[in-house]
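Below, each chain spelled out in residue letters.
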Amino acid sequence: MDDAVIDRNQPIPPPSHPRQYRAIGLVYGQYQREEEQLTKGNIITQDGTALDAVVLGRVISLVKNHLDLEKPHLWVVYPRTRQEDDHLHVQIVGVWEPETLKQETPDGEETPAEITPEVATSPNPGYFSIRGEVIFASLEEETVIIKIRQSPKKDEEKPKFFKLKLKGTLPSNRPFKRFWDLQVQLEGSSLMIQQGEDLGFASKRKPFDKKGGGRPFGQKRSFNDDTGQYEPGTRPSRPEGRPQGTDASPIKRPLPSKPVKGDQGKKLE
């Protein structure tokens, strides 16, 4: 997922490009920290569900100095599926309270109303925007697994992936290896698919090569004594015709004789 420029008018702006990978949403509830750590705890939602949560990055200062944790807030989160038990947990990357966060602190510095990267339209609690490649879908289990690509922080790093488990079905018989834009709603501790749009293949398909991918016709290989391998070059050609000392025609072998009718069953005298 690419970090987008913060949009002060909405917590989750539209995708920056048609094939932008992302998994982000809004959870309304009270954050209850652990006794020993501020960055780990649970978000208690309106229906009483406790979601495992961690606070990331610059939000730590925001939670520590500017928010009343005795009250519920609208949190901007990254969803994750824990591989050990398939349970949903969230990473808190922001809070959406423009009225509170735009107020100035006693020091005269503006409170950092940040960490509200990329998501959708209006602040609807429980809304999630999930965009990525579908790698598993089951109509019987009503389960969909989507792969999300994370953009590397440095140019020399390779992109990383994670898998997110969703509940529901897709409007397609062949949703695999295709890029989907999904509108998802949090229900309890499950992410339920509400709508989905197929945006085509997740990766460009390689053009079919009619000539094949092997060596050009007629190219031979030579044997390298040092490596014990054949290398591109000249390879000893097969001898033309038959080897010397052999007949020009194949050896004819006598055919087995067939029993004659009338002789069957006779005993030898």
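Fair warning: this is a prediction, and the values are worked out from it, not measured in the lab.

Chemist: Explain the packing of aromatic side chains to me, please; I cannot follow it from the model alone.
Modeler: This model, assessed by the stated rule, comprises two aromatic pairs. On the basis of an interplanar angle of 85° and a centroid distance of 5.0 Å, the ring pair of Tyr-21 and Phe-179 is categorised as edge-to-face. Taken together, the positions of Tyr-21 in the segment before strand E1 (22–33) and Phe-179 in strand E9 (residues 178–187) put the pair 158 residues apart, joining distant regions of the chain. With respect to burial, Tyr-21 and Phe-179 carry one shared label: buried.

Chemist: What's the story with unusual backbone geometry in this structure? I'm lost.
Modeler: Working note: non-glycine residues mostly have negative phi, and peptide bonds are mostly trans. Backbone geometry places Asp-86, a non-glycine residue, at a positive phi of 65°. Mapped onto the secondary structure, Asp-86 falls in the loop between strand E4 (73–81) and strand E5 (88–95). Its relative accessible area of 43% is what places Asp-86 among the partly exposed residues. Although it is not a glycine, Lys-177 adopts a positive phi angle of roughly 60°. In this fold, Lys-177 is placed in the loop between strand E8 (160–167) and E9. On the accessibility criterion, Lys-177 (61% relative accessible area) is exposed.

Chemist: Explain the pattern of salt bridges to me, please; I cannot follow it from the model alone.
Modeler: Once their charged atoms are close, side chains differing in charge can pair, the charge on each being opposite to the other. Scanning the entire structure with this criterion turns up six salt bridges. A salt bridge links Asp-86 to Lys-165, with the nearest nitrogen and oxygen atoms 3.2 Å apart. Taken as a pair, Asp-86 in the loop between E4 and E5 and Lys-165 in strand E8 lie far apart in primary sequence, 79 residues in all. Take Lys-165: its relative accessible area is 31%, and that puts it in the partly exposed class. Through salt bridges with shared partners, a single ionic network connects Asp-52, Arg-82 and Asp-85.

Chemist: Looking at this structure, I do not really get the confidence of the model for the chain. What am I missing?
Modeler: Reading fine detail from the predicted coordinates is not recommended where pLDDT is low. The predicted model of the chain averages 76 in pLDDT, with 63% of residues at 70 or higher. Per-residue pLDDT stays below 50 along residues 1–6; that stretch engages in 24 contacts with residues further than four places along the chain or on separate chains. Contacts for the low-pLDDT stretch residues 214–218, under 50 throughout, to residues beyond four places or in other chains number one contact.

About the cut-offs
Residues numbered from 1 in each chain as written. Predicted model: local features only at pLDDT ≥ 70, side-chain atom pairs only at ≥ 80, totals over all residues. Heavy atoms only, no water. Phe/Tyr/Trp six-rings, centres within 6.5 Å; stacked < 30°, edge-to-face > 60°. Helix = DSSP H or I, 4+ residues; strand = E, 2+ residues; numbered from the N terminus. Buried < 20%, exposed > 50% of the residue type's maximum accessible area, 1.4 Å probe, protein only. Salt bridge = Lys/Arg side-chain N within 4 Å of Asp/Glu carboxyl O. pLDDT = per-residue confidence, 0-100. Contact = heavy atoms within 4.5 Å.

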